[in-house]
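Notes for the structure review
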Amino acid sequence: MNVLIPPNNVTEFILLGLTQNPLLQKILFIVFLFIFLVTVLANLLIVITISLSPTLSAPMYFFLTYLAFIDASYTSVTTPKLITDLLYQRRTISLGGCLTQLFLEHFLGGSEIILLIVMAYDRYVAICKPLHYTTIMRQGLCQLLVVVAWIGGIMHATVQIVFMVNLTFCGPNIFDHFMCDLFPLLKFACSDTYKLGMLVAANSGAMCLLIFFMLLVSYTVILNSLKSYGSEGRHKALSTCGSHFTVVVLFFVPCIFTYMRPVATYPVDKWVAVFFAILTPMLNPIIYTVRNTEVKNAMMNLMKRRIK
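The structure contained in this document is the topic of the report that follows. If you're wondering where the values come from, they're calculated on a predicted model, not measured in any experiment. (Residues numbered from 1 in each chain as written. Predicted model: local features only at pLDDT ≥ 70, side-chain atom pairs only at ≥ 80, totals over all residues. Heavy atoms only, no water.)

Over its 32 residues, helix α7 (residues 194-225) runs 45 Å from end to end, which matches the ideal 46 Å to within 8%, given 1.5 Å per residue. In α7, a bend of some 35° at A202 exceeds every other bend along the element. (Helix = DSSP H or I, 4+ residues; strand = E, 2+ residues; numbered from the N terminus. Expected span 1.5 Å × (residues − 1). Bend = angle between axes of the 7 residues up to and from the residue.)

Put into structure tokens, the structure is as follows:
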């Protein structure tokens, strides 16, 4: 018996998934399998392209490598189980598997939040302090900031799991979801979870909201500083910042909706989870490559070298 998990009446949860319709399940199986393959391959392509391209040595691309790696990992936590569950009418997950999934979700999600802050800071220095950019964003600092992102993600996920492992869970054990999440899990607790739910909301929802507003302020400052730029420089800065800000909105808005509230679950929650856990990791590499000429050119050059 796992000593970390207190004795409880529930050792397994039944996942209702996205739909009970057999025909729709088959259609969704094909759709999500395609999305998963595209997401993993697109993000790995970005990692490989940046790693093998000398022209993409700027700090922005160093951080983008880790963002792509996190996105590929994040979608791999939930999507494969969703895909396989669509083949069966009965879908289950053990308590240990549920807590493991929760930890990985919040570890990678927390790391991505901090990495997005770091990328916003990188854009701020590049645009507002261009003469000092190479001095400030030196390689040692960039590596340290990535380490901070990983450590921050671990700390955030550990706090969430510590909240959960000390609870005992009673019936019913039916999840109206396709993956484990904090609020649905709290509903199965035998004890009153109001205060714990508020702590979870503060650790996830309030953090997302606060950081989102901080990023909005930083981009307001960046946009204001672009007034002194020429039209070509302004267009290039807006392009890179626009890509990053789009990713920020796609990530933070669903996060705020999901966690910035007392313990409650709604039918729409699982579709919001589909958006930020499955679709956003697929959209991120598309956003960064479509709007970035340097990345597109590097990919083309890499493919030409491989063909030769």
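Glancing now at the packing of aromatic side chains. What characterises a pair of aromatic rings is the spacing of the ring centres plus the angle enclosed by the ring planes. Counted under the stated rule, the structure contains 14 aromatic pairs. Plain terms: the ring middles of F183 and Y259 are 6.1 Å apart, the flat faces sit at 70° to each other, and that makes the pair edge-to-face. Pair noted here: F183 is in helix α6 (residues 182-186) and Y259 is in helix α8 (residues 231-259), with a separation of 76 residues, a long-range link. Just as F183 is buried, Y259 falls in that class too. Here F251 and F252 contribute two aromatic rings whose centre-to-centre distance is 5.6 Å and whose plane-to-plane angle is 75°, an arrangement assigned as edge-to-face. (Phe/Tyr/Trp six-rings, centres within 6.5 Å; stacked < 30°, edge-to-face > 60°. Buried < 20%, exposed > 50% of the residue type's maximum accessible area, 1.4 Å probe, protein only.)

Relative to the elements of secondary structure, T49 occurs in helix α1 (residues 22-52). A polar atom in the side chain of T49 sits 2.6 Å from the backbone oxygen of L45. Excluding its chain neighbours within four sequence positions, the residues that come into contact with T49 are L56, V295, A298, M299 and L302. (Polar contact = N/O pair within 3.5 Å; in protein donor to acceptor, adjacent residues only side chain to side chain. Contact = heavy atoms within 4.5 Å.)

Following the criterion strictly, the structure yields 4 salt bridges and no others. Here K81 ties to D85 by a salt bridge, and the two come within 3.3 Å at their closest N and O atoms. Here K81 pairs with D85, and both are found in helix α2 (residues 59-85), just 4 residues apart, close to one helical turn. Residues K270 and D176 are paired through a salt bridge, measuring 2.8 Å at the closest nitrogen-oxygen approach. With K270 in helix α9 (residues 269-290) and D176 in the loop between β3 (174-175) and α6, the pair connects residues that are 94 residues apart, well separated along the chain. (Salt bridge = Lys/Arg side-chain N within 4 Å of Asp/Glu carboxyl O.)

This part covers the state of the cysteines. Applying the stated rule across the entire model yields 3 disulfides. C98 shares a disulfide with C180; S-S distance 2.0 Å. Disulfide C98-C180: torsion about the S-S bond near -130°, hence left-handed. Of the two residues, C98 is situated in helix α3 (residues 95-128) and C180 in the loop between β3 and α6; the sequence distance between them amounts to 82 residues. (Disulfide = S-S within 2.5 Å.)

This structure, assessed with the given rule, holds 4 cavities of 30 Å³ or more. Of the volumes computed, that of the largest cavity is approximately 180 Å³. Lining the largest cavity are 16 residues, and of these Y74, H106, G109, C255 and Y259 sit closest to its centre. Among the residues making up the lining of the largest cavity, the classes are represented as 9 nonpolar, 5 polar and 2 charged. Its boundaries defined by the atoms lining it, the second largest cavity holds a volume of some 70 Å³. Taken together, M60, Y61, L64, S239, T240, S243, Y288, R291, N292 and V295 form the lining of the second largest cavity. Sorting the residues of the lining of the second largest cavity by element identifies α2 and α8 as the ones contributing at least two each. Residues of the lining of the second largest cavity, tallied by class, amount to 5 nonpolar, 4 polar and 1 charged. (1 Å grid on protein atoms, 1.4 Å probe; cavity = no way out; pocket = protein on both sides within 12 Å on 5 of 7 lines; lining within 4 Å. Points joined across faces, edges and corners; volume = space filled by probe spheres on them. Nonpolar A, V, L, I, M, F, W, Y, C, P; charged D, E, K, R; others polar.)

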